[in-house]
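An overview of the molecular structure
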Amino acid sequence: MLARLFNNRHFLGLLFMLPAAVLLLLFLTYPLGLGTWLGFTDAKIGRAGQWVGLENFDFLVGDSVARLSLFNTLFYTIVASSLKFALGLWLALLLNRHMPFKAFVRAIVLLPFIVPTALSAIAFWWMFDSQFSVISWALTKLGLIDRYIDFLGEPWLARLATIAANVWRGMPFVAICLLAGLQTISPSLYEAAALDGATPWQRFRFVTLPLLTPIIAVVMTFSVLFTFTDFQLIYVLTRGGPLNATHLMATLSFQRAIPGGSLGEGAALATLMIPFLLAAILFSYFGLQRRAWQQGGKD
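The structure reproduced in this document is the subject of the present report. Starting afresh in each chain, residues are numbered from 1 along the sequence in its written order. Side-chain atom pairs in this predicted model are given and counted only at pLDDT of 80 or more, local residue features only at pLDDT of at least 70, and totals for whole chains, interfaces and linings cover all residues. Processing note: side-chain calculations cover all non-hydrogen atoms of the structure and skip hydrogens and water entirely.

Regarding the overall build of the protein chain
Within the protein chain one finds 15 helices and zero strands. Burial classification: accessible surface area is computed with a 1.4 Å probe over protein chains only, and a residue below 20% of its type maximum counts as buried, one above 50% as exposed, and the rest as partly exposed. Looking at the protein chain as a whole, 34% of its 299 residues qualify as buried. Any two residues whose heavy atoms approach within 4.5 Å at even a single point are treated as in contact. The contacts in the protein chain between residues at least 6 apart in sequence include a share of 66% that link residues at least 24 apart. About 18000 Å² of surface is accessible on the protein chain, with carbon and sulfur atoms providing 72% of the total. For the protein chain, the separation between the mean place of its 20 positive charges and that of its 13 negative charges on side chains is 12 Å. Per the convention used, a helix needs a DSSP run of H or I reaching at least four residues, while a strand needs a run of E reaching at least two, with both numbered from the N terminus. In short, Shrake-Rupley with a 1.4 Å probe defines the accessible areas, and a residue's cover is counted only from the protein chains shown. Positive charges come from Lys and Arg alone, negative charges from Asp and Glu alone, with His and the N- and C-terminal ends not counted. The atoms used to mark charge sites are NZ of Lys, CZ of Arg, CG of Asp and CD of Glu.

Next up, the structure:
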């Protein structure tokens, strides 16, 4: 019986997947289930709490700070992800060309992504400081401004500053992934399009972009997920300030649950993030469906 089992590829597949399944169950499924449960209770730090149903969610719907964090999260995610895609695609197209020291340049491009998030956030904190900002210093020396800019002290400037830091950190991931996708496109397709009289823009529009769409769908899904759930960068850079202008749902959830002690309220706020994350995953799913269609599979 054991010999038949070990000769069965389906059994071997399940056996090899078992360690990963156990790790996911312990470190992903259980915390997710526990957090969802806490969202329906009035649990505090040091007290288990009682079932309160939708009270936490009703409170958050009427809470102006929670609504502001939702706006901040959507604005932060949409703007940062769009910029990362545009700049990442442009950088990938540049890196796909023939150039000297290509391998070295590609390695350098990855540096912002591999630097620890807290370290890069501290660097941007110094760059945006109201008294010692190197950006303000340079603009002052150029005569463009007459006083230092308080990047992290004004609500909209703080939002834009955090987006800039996120784009700088996340753009290399998008660029390298799209570069890998570009290198899978056969050069013969470009040669055929050029023989047909296609301009560079037409080659990009009708050859590069359609074949790159499945990769774009997957890469941008991960980018949106990472951006929507961003915590470290915001917490180190602004801690949600000024006036809650940069509080994302993740940072506000932590603030309410841990320093504030309201575990149930913080868990409820984190649970409200799930529908948006599911929407991003569905976007990736339809992108993969398009890839199956391109390869001759069923829709």
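Picking up after the structure, the text goes on.
What about the pattern of salt bridges?
The working definition used for a salt bridge is a side-chain nitrogen of Lys or Arg within 4 Å of a carboxyl oxygen of Asp or Glu. Taken as a whole and assessed by the stated rule, the structure comprises three salt bridges. Asp63 is the salt-bridge partner of Arg256, the closest N and O atoms lying 2.7 Å from each other. Here Arg256, found in helix α13 (residues 249–257), pairs with Asp63, found in the loop between α3 (55–62) and α4 (64–95); they are 193 residues apart in sequence, far enough to count as distant. The class for Arg256 is buried, based on a relative accessible area of 16%. A salt bridge links Arg256 to Glu265, with the shortest nitrogen-to-oxygen separation between them at 2.3 Å. It is possible to trace a salt-bridge network through shared partners that takes in Asp63, Arg256 and Glu265.

Let's talk about the packing of aromatic side chains
Geometry of aromatic contacts follows a simple scheme: Phe, Tyr and Trp rings, the Trp one being its six-membered ring, pair when their centres are within 6.5 Å, and the pair is stacked under 30 degrees between planes, edge-to-face over 60, tilted otherwise. Under the criterion given, the structure shown has 17 aromatic pairs. Each ring, one from Phe231 and one from Tyr235, has its centre 5.2 Å from the other, and the planes form 15°; the classification is stacked. For Phe231, a relative accessible area of 26% gives the class partly exposed. Residue class for Tyr235 comes out partly exposed when judged on its relative accessible area of 25%. Counting every residue linked through ring pairs, the aromatic cluster contains Trp37, Phe40, Trp51 and Phe57. Across from the ring centre of Phe113, 5.9 Å away, lies the NZ or CZ of Arg169, which sits over that ring. The rule is short: NZ of Lys or CZ of Arg within 6 Å of the ring centre and within 35 degrees of the ring normal puts a charge over the ring.

Things to note about unusual backbone geometry
Pro242 follows Gly241 through a cis peptide bond whose omega is -5°. Relative to the helices and strands, Pro242 resides in the loop between α12 (232–237) and α13. In this structure, Leu243 is a non-glycine residue whose phi angle is positive, near 55°. By relative accessible area, which is 75% here, Leu243 ends up exposed.

Things to note about α13
Most of α13 is tucked away: seven of the nine residues are buried. Lining the buried residues of α13 we find α3, α4, α11 (200–228), α12 and α14 (263–271).

Details of the side chain of Thr246
Tracing the chain through its elements places Thr246 in the loop between α12 and α13. A relative accessible area of 3% means that Thr246 is categorised as buried. Nitrogen and oxygen atoms within 3.5 Å of one another constitute a polar contact, given that in protein one can donate a hydrogen and the other can accept it, and given that sequence-neighbouring residues count only through two side-chain atoms. For Thr246, the side chain forms a polar contact with the side chain of Thr238, separated by 2.6 Å. A distance of 2.5 Å separates the side chain of Thr246 from the backbone oxygen of Gly241, its partner in a polar contact. Those residues in contact with Thr246 that lie beyond four places of it in its chain are Asn72, Ala158, Arg159, Thr162, Ile234, Thr238, Gly240 and Gly241.

Observations regarding the packing of α13 against α14
Every axis in this analysis is a line fitted to C-alpha atoms, fitted for helices over the stretch in contact. Angles between the N-to-C directions lie between 0 and 180 degrees. As a packed pair, α13 and α14 sit with axes 7 Å apart at the nearest point and diverge in direction by 165°. Taken together, the axes of α13 and α14 lie roughly antiparallel to each other. Taken as a pair, α13 and α14 cross one another with a handedness that is left-handed. The segment α13 lies against α14, with Met249, Leu252, Ser253, Arg256 and Ala257 engaging Leu263, Glu265, Gly266, Ala267, Leu269 and Ala270. Lys, Arg, Asp and Glu make up the charged group, whereas Ala, Val, Leu, Ile, Met, Phe, Trp, Tyr, Cys and Pro make up the nonpolar group; the residues left over, Gly among them, are polar. Tallied by class, residues from the contact of α13 with α14 come to seven nonpolar, two polar and two charged. Roughly parallel here means an angle under 35 degrees, roughly antiparallel means over 145, roughly perpendicular means 65 to 115, and every remaining angle is called oblique. By definition, any crossing whose near helix is turned counterclockwise from its far helix by less than a right angle is left-handed, and any crossing with a clockwise turn is right-handed.

Comments concerning the nonpolar core
Here is a general trend for soluble globular proteins: nonpolar side chains tend to be buried in one another's company. Among the nonpolar cores identified, the biggest contains 18 residues, and Leu91, Leu178 and Leu212 are the most heavily contacted of them. Only α4, α9 (155–182) and α11 provide two or more residues apiece to this core. If one sorts the elements of this core by residue count, α9 sits on top with seven residues. Excluding residues within four positions of it along the chain, Leu212 makes contact with Leu89, Leu178, Gly181 and Leu182. Among the buried residues, those of types Ala, Val, Leu, Ile, Met, Phe, Trp, Tyr and Cys that are joined through side-chain atoms within 4.5 Å form a nonpolar core.

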